[in-house]
Amino acid sequence: MQVRPVRVWAASDAPARGSRAEAAEEREERLLEKYEYLLSLGNVDEFHLTDLKRRKSISARSMGALKRCVEWLTDLGMTEQEAVRVIFRFPPIVGLNYERKIEATYEWFQTKEVAKEKFLALVIRYPQFLGLSLEDNIIPALGWYMQTFDFTEEEAIKVLLKHPVILGYSIEKKVIPFLEYLMEEASLTKEEVAVVVKVFPQIIGLNKKSVSKKLDFIRNDIGLEIDDLVKFPHLCGYSLEKRIRPRYMYLKHLGKEFALPPSKVLPATDADFASRLGKSHEDYMEFCKSLR
């Protein structure tokens, strides 16, 4: 009978297994060190160790890189809490080259007379912006908006500052199809679309089906002119069921559909809206309940 040899662990296996365990323990210790450092900056209790583990761009970087990132962001003018939030929202920032990438972008915006405070607000609102290439993304995108809508460079930059997320949109796959849809659905001219984008660039990121429902409602149910969209494009940013429909149905209920322009109807709080119509907040809320 053939006896199968019994496998025994090679001498080299034990140290290898020990090394892997030790390496894992060291990684956990380094991770905990980073977590405690970020926690020490204050008011970041919402971030847990598991969050840090999932953000490999942070966990894989050295403590020195993390501290340099916080230092650069605070030197820019952020509070430490803001810096931590920016890092968690865009972890790859820890690995960026500050001199060649971030400072170059900051200095370019300074040459365009963008105040430091505005650049800071841009980074806080959309930190992913710092991962974009100045030459390949930012400058070409601004140039496209300038050429397409006849914007000045200053106007194009203002659009960017209002809604920096547009830099992350594909012009061919996202921006152009939506603007063409807007021209067709709302029967807007290119010049009118330019006004809409300048005033409310956030509209580019909205869902087409949602925008269509809102336009159908204001045109067919209320009878507003599409010019109201050009005058106040923000109306497309409000919820149809929670804001637009109840507000205008209440106006219709009172026989005052056209008493106030959309810019007075939608932005106000429920209480202010009712007050402008000479009604109580309670009366308006009761009406809203009747619509459900």
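Heads up: the structure comes first, above all this text.
From a predicted model like this one, the values you see are computed outputs, not experimental measurements.

### Some thoughts on the overall build of the protein chain
Thinking step 1. Across its full length, the protein chain carries 17 helices and zero strands.
Thinking step 2. For the protein chain, with 292 residues in total, the buried portion stands at 40%.
Thinking step 3. Put simply, 64% of the contacts in the protein chain that link residues at least 6 apart link residues at least 24 apart.
Thinking step 4. If you sum the accessible surface of the protein chain, you get close to 16700 Å²; carbon and sulfur atoms cover 50% of it.

### Looking at the packing of aromatic side chains
Thinking step 1. Within the structure shown, the criterion is met by 15 aromatic pairs.
Thinking step 2. With 5.6 Å between their ring centres and 75° between their planes, Phe109 and Phe129 make a pair best called edge-to-face. Note that Phe109 is positioned in helix H6 (residues 98–111) and Phe129 in the loop between helix H7 (116–125) and helix H8 (134–149), a separation of 20 residues in sequence.
Thinking step 3. Assessed through its relative accessible area of 0%, Phe129 is described here as buried.
Thinking step 4. Through successive ring pairs, a cluster of aromatic residues spans Tyr106, Trp108, Phe109, Phe119 and Phe129.
Thinking step 5. If you follow Lys67 out to its NZ or CZ, it ends over the ring of Tyr37, 5.5 Å from the centre.

### Observations regarding the nonpolar core
Thinking step 1. Membership of the largest hydrophobic core comes to 94 residues, with the highest contact counts inside it found for Ile93, Phe119 and Phe129.
Thinking step 2. The leading source of residues in this core is helix H4 (residues 63–76), at eight residues.
Thinking step 3. Excluding residues within four positions of it along the chain, Ile93 makes contact with Cys69, Leu73, Val86, Ile87, Tyr98, Ile102 and Leu130.

### Structural notes on helix H10 (residues 171–185)
Thinking step 1. Helix length check: H10 (15 residues) gives 19 Å between terminal C-alpha atoms against 21 Å at 1.5 Å per residue, within 8%.
Thinking step 2. Along H10, the residues classified as buried are Ile171, Val175, Phe178, Leu179, Tyr181 and Leu182.
Thinking step 3. Its buried side turned inward, H10 meets H8, helix H11 (190–199) and helix H12 (208–222).

### Things to note about the pattern of salt bridges
Thinking step 1. Under the criterion given, the structure shown has eight salt bridges.
Thinking step 2. A salt bridge links Lys112 to Glu153; its shortest N-O distance comes to 3.3 Å. One end of the pair, Lys112, is in the loop between H6 and H7; the other, Glu153, is in helix H9 (residues 153–162), and 41 residues separate them in sequence.
Thinking step 3. For Lys112, a relative accessible area of 28% puts it in the partly exposed group.
Thinking step 4. Judged by relative accessible area, which is 34%, Glu153 ranks as partly exposed.
Thinking step 5. Between Lys289 and Glu286 there is a salt bridge, with its nearest N and O atoms 3.7 Å apart. Separated by three residues within a single helix, Lys289 and Glu286 lie in helix H17 (residues 281–291), roughly one turn from each other.
Thinking step 6. Given a relative accessible area of 48%, Lys289 falls into the partly exposed group.
Thinking step 7. Each of Glu185, Asp216 and Arg219 takes part in salt bridges that share partners, so that together they form one network.

### Here's the deal with H7
Thinking step 1. Phe119, Leu120, Leu122 and Val123 are the residues of H7 that are buried. Buried residues along H7 cover an arc of 155° about the axis, so they all sit on one side. Turned more than 90 degrees away from the buried face of H7 sit Glu117 and Lys118, all of them exposed.
Thinking step 2. Next to the buried residues of H7 lie H4, helix H5 (80–89), H6 and H9.

### As for the side chain of Ser212
Thinking step 1. The topology assignment puts Ser212 in helix H12.
Thinking step 2. Not counting residues within four places of it along the chain, the set of residues in contact with Ser212 comprises Tyr181 and Glu185.

### Notes on the packing of H12 against helix H14 (residues 240–253)
Thinking step 1. Where H12 contacts H14, the axes come no closer than 11 Å and their chain directions differ by 5°. With respect to each other, H12 and H14 are oriented roughly parallel. Two secondary-structure elements touch here, H12 through Lys213, Lys214, Phe217, Ile218, Asp221 and Ile222 and H14 through Leu240, Ile244, Arg245, Tyr248, Met249 and Lys252.
Thinking step 2. Residue classes in the contact of H12 with H14 are distributed as seven nonpolar, no polar and five charged.

Cut-offs and rules
Residues numbered from 1 in each chain as written. Predicted model: local features only at pLDDT ≥ 70, side-chain atom pairs only at ≥ 80, totals over all residues. Heavy atoms only, no water. Helix = DSSP H or I, 4+ residues; strand = E, 2+ residues; numbered from the N terminus. Buried < 20%, exposed > 50% of the residue type's maximum accessible area, 1.4 Å probe, protein only. Contact = heavy atoms within 4.5 Å. Areas by Shrake-Rupley, 256 points an atom, 1.4 Å probe, with all protein chains shown as cover. Phe/Tyr/Trp six-rings, centres within 6.5 Å; stacked < 30°, edge-to-face > 60°. Lys NZ or Arg CZ within 6 Å of the ring centre and 35° of its normal. Core = buried A, V, L, I, M, F, W, Y, C linked by side-chain atoms within 4.5 Å. Expected span 1.5 Å × (residues − 1). Salt bridge = Lys/Arg side-chain N within 4 Å of Asp/Glu carboxyl O. Arc of directions from axis to C-beta. Axes fitted to C-alpha atoms, helices over the stretch in contact; angles between N-to-C directions. Parallel < 35°, antiparallel > 145°, perpendicular 65-115°, else oblique. Nonpolar A, V, L, I, M, F, W, Y, C, P; charged D, E, K, R; others polar.

Geometric values such as these leave the question of function open.
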